[in-house]
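Residue-level listing of the chains:
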Amino acid sequence: MCGIVGYIGKDNAKDVIIDGLKKLEYRGYDSAGIAVVRNGKLEIKKHVGGIANLENLIGDDPMTSHIGIGHTRWATHGAPSDLNAHPHSNEDETIAIIHNGIIENYQELKQELIEKHNIKFKSETDTEVIAQLIGVIYKEKKDLLESVFAAEEKMRGAYAIVAVAQDEPDKIVAVRKDAPLIVGLGKGSNFIASDIPALLKYVKEIYLIENNETVLATADEVKIFDENRNEIKREVFHVTWDADSAEKEGFEHFMLKEIYEQPKGLSETLNRRLDETGKINLEGITLTKEQIENFSKIYIVACGTAYHAGLVGKYIIEQLVKIPVEVDVASEFRYRNPLVDENTLFIAISQSGETLDTLAALREAKSKGARVLSVVNVVGSSVARESDDVFYTWAGPEIAVASTKAYTTQLMCMYMLALYMGLEKGTITREFYDRFIKDLQGIPAKLETFLKKAPEIEEEAKQLYNREQVFFIGRGLDSAVSYEGSLKLKEISYINSFAIAAGELKHGTIALMEPGTLVIALACQDFLYEKMVSNIQEIKARGAYVMAVAKEGNVSIEAQSDRMIYIPECRDEIAPLISVVPLQLFAYYVAKERGCNIDKPKNLAKSVTVE
Ligand code: F6R
């Protein structure tokens with residue numbers, strides 16, 4: 001997500017910070033900024049866009065100072081803009097803050113600051129609320145560390161925060177609560193950062209800060225306090241990574257790192273929108289009960305992986321909301337004169353929010369009067385800006401071209417939308433809703449458990465990587481997942497792969513089955529399990545080599561399969577959140593065996609902004 005760098009010491013802070021921020025560019029961001037204390041005065045420079053824009057803004061000004069903080073922002077509250085960029089400051093601009101994460105109760109805090117202290121806010125961010133809150137407390141305490149401690153007691157959420165104060169230019173204060181924070185230990189200089197790559201050029205010795213810990217750094221000393229404000233000792237961690245592996249946090253490729261980030265992305269996408277009673281809070285979405293009741297049709301339109309998430313969305317929305325749903329690839333939708341009117345809900349799904357076909361389809365639907373809701377990962381992107389409502393996925397920046405964590409978080413949004421609309425429309429009961437939410441909340445832990453099986457899948461890939469073609473089959477939701485598994489394999493390993501609904505095989509495609517043909521069969525839908533076993537028997541009879549994916553406990557399929565991968569038990573509807581992961585891993589390890597450029601496959605781009 002956002003990148004954080006802080007510096008205090010002998011060198012010029014601006015240079016160290018800009019250099020550190022550049023090392024975090026690979027993570028993706030939409031604006032950048034820096035604050036230093038020069039000659040007893042806090043100075044902030046920030047700009048939307050790349051670090052180059054910030055450097056242009058700074059120009060030849062050395063911003064000479066021994067203390068500063070800098071930030072690259074990945075927008076969550078408020079669009080990317082100069083005003084929303086970090087650092088943020090209090091009203092009299094004496095305290096500056098950078099922040100990664102989300103303050104859940106920021107609206108409540110903001111209201112209190114406006115009502116009790118008459119604070120005038122400059123931006124739409126939750127971060128400014130922190131700066132203003134600390135600013136108000138500082139007036140009384142006149143001590144940055146004490147003020148941050150006091151602010152921590154009022155804030156709820158997941159965050160890392162770094163603060164500097166004009167009146168105390170000899171210290172940086174930082175806090176970690178569920179967002180990464182490290183301290184780099186130099187000689188006569190200390191560093192704060194969200195990620196190791198930012199600091200590698202300067203230090204190899206760091207403190208890994210834990211949740212609910214607060215850091216006080218001066219040029220010569222670093223103190224760490226626990227949540228009870230007791231000073232604690234921390235062992236020094238010696239970094240042995242080079243810059244490249246540090247960016248990937250020790251993973252060999254971004255794709256693998258992003259596969260492993262899925263439990264976190266799913267948990268954030270779900271839990272950040274649940275209130276204390278378990279109800280989904282669609283903050284920023286204004287769909288009314290009346291509108292939901294009046295929708296006669298829903299279109300889900302997207303490209304590639306996002307389209308595959310739409311296939312799952314169709315199934316689940318039709319089941320839970322009882323409104324007919326059509327799923328279209330965006331490049332087709334716009335040229336087929338679709339039957340859209342004012343009673344249509346149009347859902348666009350897009351990781352980047354910049355895919356031209358999806359954007360054009362959205363415009364087409366809007367021009368015909370549809371209500372447009374988008375499911376997007378990049379805040380402030382074109383699709384988000386042109387939609388009536390936006391449901392953001394909280395996957396964090398996705399860097400590998402092949403989409404993984406964006407897909408599973410898109411699925412999570414589909415479940416949440418369906419549950420929300422179903423409850424509003426009365427097509428599901430509160431009891432059903434509560435059970436479903438509980439099951440969704442259990443998925444991240446199940447996925448963590450499943451990811452421990454990665455070595456098994458790697459082993460399979462080592463055996464099977466040299467196949468020339470692979471088939472993926474499944475029924476119901478498994479067939480939607482098989483399309484995604486097939487796309488993952490072909491795009492990164494360049495193997496010709498093909499996905500088909502298992503029941504459709506015998507209507508033609510079965511002609512291609514030969515002894516040894518590799519078929520990956522998903523059998524994760526209990527109510528279709530027996531049917532799937534029969535389909536596998538049909539292809540086994542033609543000599544196919546079957547690798548099956550099934551839920552733990554469904555062992556009868558073993559007799560029909562050459563290889564088995566078991567996923568943890570879960571309700572059928574949400575099995576795609578787990579069953580896609582072995583397919584992602586299989587694609588990854590096969591591509592690795594074949595020596596492919598996994599993160600940047602040939603002919604592909606992360607964001608397709610041409611027709
Ligand atoms: C495949 C992949 C693509 C994208 C598609 C849409 O791994 O990443 O198929 O899903 O190009 O991109 P977005 O979601 O950015 O609209």
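Everything numeric here is computed off the predicted structure, so don't read it as measured data.

Asks: Help me understand the overall build of the protein chain, please; the structure alone is not making it clear to me.
Replies: Counting its secondary structure elements, the protein chain contains 19 helices and 25 strands. The C-alpha atoms of the protein chain give a radius of gyration of 26 Å, which matches the 25 Å a tight globule of 611 residues would have. C-alpha extents for the protein chain along the principal axes are approximately 80 × 55 × 45 Å. The buried share among the 611 residues of the protein chain stands at 61%. Contacts in the protein chain between residues far apart in sequence, at least 24 positions, make up 71% of those at least 6 positions apart.

Asks: Can you help me understand the domain arrangement of the protein chain in this one?
Replies: Often the size quoted for an interface is simply the accessible area lost on bringing the parts together. If you check the domain split of the protein chain, you get domain 1 (3-245), domain 2 (248-441) and domain 3 (452-593). Distance from the C-alpha centre of domain 2 to the C-alpha centre of domain 3: 26 Å. Residue-level contacts link 28 residues of domain 2 with 23 residues of domain 3. Roughly 2,200 Å² of surface becomes buried between domain 2 and domain 3 when both sides are summed, with 69% attributable to carbon and sulfur atoms. Applying the counting criterion to the domain 2 and domain 3 interface returns two salt bridges. The tally of links from domain 2 across to domain 3 stands at nine residue pairs in polar contact (both at pLDDT 80 or more). For the side of domain 2 that touches domain 3, the secondary-structure elements that each account for two or more residues are helix 7 (254-260), helix 8 (262-271), helix 10 (304-321), helix 14 (405-425) and helix 15 (430-451). Ranked by the residues each element gives to the side of domain 2 that touches domain 3, the list is headed by helix 10, at seven residues. Considered class by class, the residues forming the side of domain 2 that touches domain 3 number 17 nonpolar, eight polar and three charged.

Asks: Honestly, the environment of leucine 311 in this entry has me stumped. Any pointers?
Replies: As for its position among the elements, leucine 311 is in helix 10. On the basis of relative accessibility, which here comes to 17%, the residue leucine 311 falls in the buried class. Linking leucine 311 and serine 387, residues 76 residues apart in sequence, is a C-alpha distance of 21 Å. Not counting the four nearest positions on each side in its chain, leucine 311 is found in contact with Val327, Ala480 and Tyr483.

Asks: It is not clear to me how the nonpolar core should be interpreted in this structure. Could you clarify?
Replies: Grouped burial of nonpolar side chains is what soluble globular proteins tend to show. The biggest cluster of nonpolar side chains holds 124 residues, and the ones touching the most others in it are Ile317, Ile347, Leu419, Leu585 and Phe586. If you tally residues by element for this core, the top one is helix 14, at 13 residues. If we skip the residues at most four places from it in the chain, phenylalanine 586 touches Ile457, Glu460, Ala461, Leu464, Leu489, Leu518, Ile520 and Met547. By size, the runner-up hydrophobic cluster in this structure holds 31 residues, among which are Leu113, Ala151, Ile161 and Leu216.

Asks: Explain the pattern of salt bridges to me, please; I cannot follow it from the model alone.
Replies: Once their charged atoms are close, side chains differing in charge can pair, the charge on each being opposite to the other. In this structure the tally under the stated criterion is 38 salt bridges. With a closest N to O distance of 3.0 Å, glutamate 55 and lysine 22 form a salt bridge. One end of the pair, glutamate 55, is in helix 2 (residues 51-58); the other, lysine 22, is in helix 1 (residues 13-23), with 33 residues separating them in the sequence. Judged by its relative accessible area of 31%, glutamate 55 is partly exposed. Taken together, the shared-partner salt bridges in this structure form one network comprising Glu252, Glu458, Lys462 and Lys592.

Asks: Help me understand helix 10 in this model?
Replies: Residues three or four positions apart in an α-helix share a direction because the helix packs 3.6 residues into each turn. Over its 18 residues, helix 10 extends 25 Å from the first C-alpha to the last, a length consistent with the 26 Å expected when each residue adds 1.5 Å. Among the residues of helix 10, Thr305, Ala306, His308, Ala309, Gly310, Leu311, Val312, Gly313, Ile316, Ile317, Leu320 and Val321 are the ones counted as buried. Positioned one or two residues after helix 10, lysine 322 has a phi angle of 60°, which is positive.

Asks: Looking at this model, I keep getting lost on the packing of aromatic side chains. Mind explaining?
Replies: Centre-to-centre distance and the angle between the planes together describe a pair of aromatic rings. On inspection of all chains with the given rule, the structure shows ten aromatic pairs. On the numbers, 5.2 Å between centres and 75° between planes, the contact of tyrosine 299 with phenylalanine 333 is edge-to-face. A residue pair is termed long-range when its members are at least 10 positions apart, and tyrosine 299 in strand 16 (residues 297-302) and phenylalanine 333 in helix 11 (residues 330-333) qualify at 34 residues. Of the residues examined, tyrosine 299 reaches a relative accessible area of 0% and is grouped as buried. Overall, phenylalanine 333 belongs to the buried group, its relative accessible area being 0%. Here lysine 110 stacks its cationic end above the ring of phenylalanine 121, 5.0 Å away from the centre of that ring. The positively charged end of lysine 602 is found above the aromatic ring belonging to tyrosine 494, 4.2 Å away from the centroid.

Parameters and conventions
- Residues numbered from 1 in each chain as written.
- Predicted model: local features only at pLDDT ≥ 70, side-chain atom pairs only at ≥ 80, totals over all residues.
- Heavy atoms only, no water.
- Helix = DSSP H or I, 4+ residues; strand = E, 2+ residues; numbered from the N terminus.
- Rg over C-alpha atoms; globule rule 2.2 N^0.38 Å.
- Buried < 20%, exposed > 50% of the residue type's maximum accessible area, 1.4 Å probe, protein only.
- Contact = heavy atoms within 4.5 Å.
- Domains from an automatic or database assignment.
- Buried area = accessible area lost by both parts, 1.4 Å probe.
- Salt bridge = Lys/Arg side-chain N within 4 Å of Asp/Glu carboxyl O.
- Polar contact = N/O pair within 3.5 Å; in protein donor to acceptor, adjacent residues only side chain to side chain.
- Nonpolar A, V, L, I, M, F, W, Y, C, P; charged D, E, K, R; others polar.
- Core = buried A, V, L, I, M, F, W, Y, C linked by side-chain atoms within 4.5 Å.
- Expected span 1.5 Å × (residues − 1).
- Phe/Tyr/Trp six-rings, centres within 6.5 Å; stacked < 30°, edge-to-face > 60°.
- Lys NZ or Arg CZ within 6 Å of the ring centre and 35° of its normal.

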